[in-house]
Each structure stands twice: as C-alpha cells, then as structure tokens.
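This is what each chain is made of:
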Amino acid sequence: MGVYSGEDILRLIREEDVQFIRMQFTDLFGQLKNVAVTASQIQRALDGEIMLDGSSIQGSVRVEESDQFLKPDLDTFAILPWRPQYGKVARMICSVRNPDGSPFAGDPRNVLERALGAVRDLGLTLNVGAELEFFLFLTDEEGNPSTRTADQAGYFDLGPLDHGESTRREVTLALEKMGVAVEASHHEAAAGQHEIDLKYTDALSAADNIMTFKLAVKTLAQKNGLHATFMPKPLRDAAGNGMHINLSLFRDGRNAFHDESDPRGLSPLARHFIAGLLDHARGFCALANPLVNSYKRLTAGCEAPCCLAWSSANRSALIRIPVPRGQGTRVELRSPDPACNPYLTLAACLAAGLDGIRRELTPPPEIAGNLYDMPTEELAARRIRNLPASLEDALRAMEADGLVMETLGPYAARYIQDKRREWEEYRAQVTQWELDRYLVAW
C-alpha cells in the first residue's frame, strides 16, 4: 500500500495552503525538469492529464510526436521546505507517458522501473544507498559562481573551520522534512567539499531521493550566497566529487548477499553480482560518468577507482565490500559521480549484476594491495583492466555492450549521439594549458 492516496493529497493541499504543485521529471541526461500547476488544477494532475512538449526536452522525442503526459507518483508528494510558508509549493515526481498511456521509452524513470521488473521476477528487491559529494564555492559580486572557497577545513573537520556546516545542516533538515532519510553528513577531504549519505531504500525511491538531494543542495546553497556544484572534478589539485552507490539484494526481508559460512561473509549470489558488475563496468561507464570532466576524476591518486577489481577493504578498487555483514552486507560501487542520471545508472548496474547471477559468473581474486601504486606490468599479469580513460572511450565501450544498450532501450543510441557531440565539441577547444605550453615554444 502506498503512502498517499489522491484523497490524501487533496486534503493536504487544502490543510497546508499549497498554491503551486511542481510536476517534476528527469530528462535523458539527468537534468531535473518540471511543469508547475496551481492548486485549482490538482485533480487534472492526479489524473495524469498534464501535458508537456517532449520535443523541447533534450534527448526526448521528435517534433512530429511531441505530445506527452506526466503521471505522478503519489508517494513522492512533498512540500518544499525552502519555499514560502504562505502559499506553499509542493512537488510530485512523475513518469512520462505516451498519449495512449504507455510508458515513454526515453523516460529514465521508466527505464529503471522496467529493469526492476527483472528483479521482482526473481523474487528479489534491490536496495540502494548513495554517498554524494559536492563543493560549496563563493560567488562573485554579480552572483556568478567561482571556484574560490573561504573554507579551510579538511576531512571530518567542523566549524569554525568548516564554513559550509550551516548549509549542510539546512540541507539535511530539509531532506528529512521531505521524507528523505539522511544517515550522516560531514566535511570531505578538500577545502569546500562536503558529503551527505542517504539511507538505503528501494532502488526507485533511491533515484528519486538523489534528484531531490541535488535540488535541495543547489537551492539552499544559492539562498546562502554560495554556489553548489556536483561537477566531478572542478579543481585540478583537489579530490573530485564521487557518488558511491551501495547495492544489496533482499529476499523475503533477508539480505541475500550474506552467507555466514563464507570466509568473507558473502553468498554465491553476491559473488555472481560482483562479477557481473565487473564484466559490464566499462559498458555502463558512460552512464555512471557522463561528462568529459568525469574522466579527470578517474585517475590514480584522485581517490577514485581506475581498475576493474574488487576488495573487502581496499578503497582503490572499483568495488569495495564494507565491513558490516548480516543485514548490512552490501556492494559499494565507487566509480559513479553525482553528475550521472541515477535512474539510468542504477538500471545498468542492476542489469549487470543480474547478468552475473544468471550466468553464474565468478569474480577474479580480490585485490588487497593499493592499485594506485601497482606497476603496469603487475596489473597486466593479473589481467586487471582499466575503466575507460575518456568519454570517447566510454561511449565506444557502451556501444559494444549489448546488455547496457538493451537496458536503455531505443534511446540508447540517442544518448550516445548527444554525448559524442559533447565530446567532439570539447575536442575542438583550445585550452589555456595548450597556449601556455605551445604558443611561445612553437
């Protein structure tokens, strides 16, 4: 049974004096969009009658087939706590539907829902917890973002060194008011960098929560005169922003990844899942790391993984198994960054893990040593491959991975086409580094 019925939402709108409802949805590339309606139109919204022009949304349909409709998920109804308390604003997260009522294939939320059907068919449930990092930067006199910070704090420091502490607190409290559970928050390693960890929940809610989180962080930072960015690598000499994803499969309320008889406490199902992730990690890299800039984070020494390996403790590996066992047993995928579309990324990760389960794949031996310091010859001898080194390489790997392409469906080619255009635009740029290096010498 859901949290809210249509009658509940109508009552809440009356009792809370809600005047606007934002019908939110996510485009193919992970940008949050919305159509706002007044309270007088709420019944039409609940009935899925709010229309949008899909041809105007990046990665969506052609102009000759542009009429689409928004179907709200009633359980996502929440009042935005940072909006005025008189004439309040609420939101509902929506899936996109075709005129005939069928799910629109290019809607990322529908892609994830379709992938989750395969989990349900196996009698399993996927739970996801996300750890999101971001920078808080100062703005200039005109309100434009900079890459400067007055913050001098480091890992786990607190105020007064941590100048973003109050904004992080506001974000956490706002999320709690919206029903998004936060496990922890803290200052990260770089000056001006922060992390907030979301409590695990079912995969669809987790993706919704990630989108809500990013909106809350950006909105409340702006309110406080700061600029929040989830750009993977905004500073050359500082760690980048990651979004570690913790994944676990449950069956009948019990963690299917745990096996107390195994030396590592991992079930055969968990090992197959890990093997599937490793087998397809290159193929879904363009989803988990979607920007040209993403690959400047995925380099040795930047506290991000480069190699396709797993470990019970080693944080240089792509996949880490955190210490908790029993109901807390989980697989931590460390490559994604917060610029990714969480619906598509989770759908691809799920498909990869299930492929490992179906094929009963066996993961390679786990790696205990620091992969950043491991010589190239040793990596080759152990047959440890790297993640793609650029967006261009990642798009090629995605095209070659039939499972990832099938998971995204007919809009996989559109995703690759638009991302390849982004790569080509970047490739044509002349950077300051090139001018400094070559202008005088050559």
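What counts, and at which threshold
Residues numbered from 1 in each chain as written. Predicted model: local features only at pLDDT ≥ 70, side-chain atom pairs only at ≥ 80, totals over all residues. Heavy atoms only, no water. Helix = DSSP H or I, 4+ residues; strand = E, 2+ residues; numbered from the N terminus. Buried < 20%, exposed > 50% of the residue type's maximum accessible area, 1.4 Å probe, protein only. Phe/Tyr/Trp six-rings, centres within 6.5 Å; stacked < 30°, edge-to-face > 60°.

### Observations regarding unusual backbone geometry
Of note in the backbone geometry, D17 takes a positive phi value of approximately 55 degrees without being a glycine. Relative to the elements of secondary structure, D17 occurs in the loop between helix 1 (6-15) and strand 1 (18-26). Taking relative accessible area as the criterion, D17 reaches 33% and is therefore assigned partly exposed. One non-glycine residue, R383, adopts positive backbone phi at about 55 degrees.

### Observations regarding the packing of aromatic side chains
Using the criterion set out here, one finds ten aromatic pairs in the structure. Ring centres of F257 and F273 lie 5.3 Å apart, and the angle between their planes is 55 degrees; this geometry places the pair in the tilted category. In this pair, F257 is assigned in the loop between strand 13 (254-255) and helix 6 (268-280) and F273 in helix 6, connecting sequence segments 16 residues apart. Comparing F257 with F273 shows no difference in burial state: the two are buried. Here W423 and Y426 contribute two aromatic rings whose centre-to-centre distance is 5.6 Å and whose plane-to-plane angle is 45 degrees, an arrangement assigned as tilted. With W423 and Y426 both in helix 12 (residues 412-427) and three residues apart, this pair spans about one turn of that helix. Looking at W423, the relative accessible area reads 11%, which means it is buried. Among the aromatic residues, ring-to-ring pairing joins F134, F213 and F230 into one connected group.

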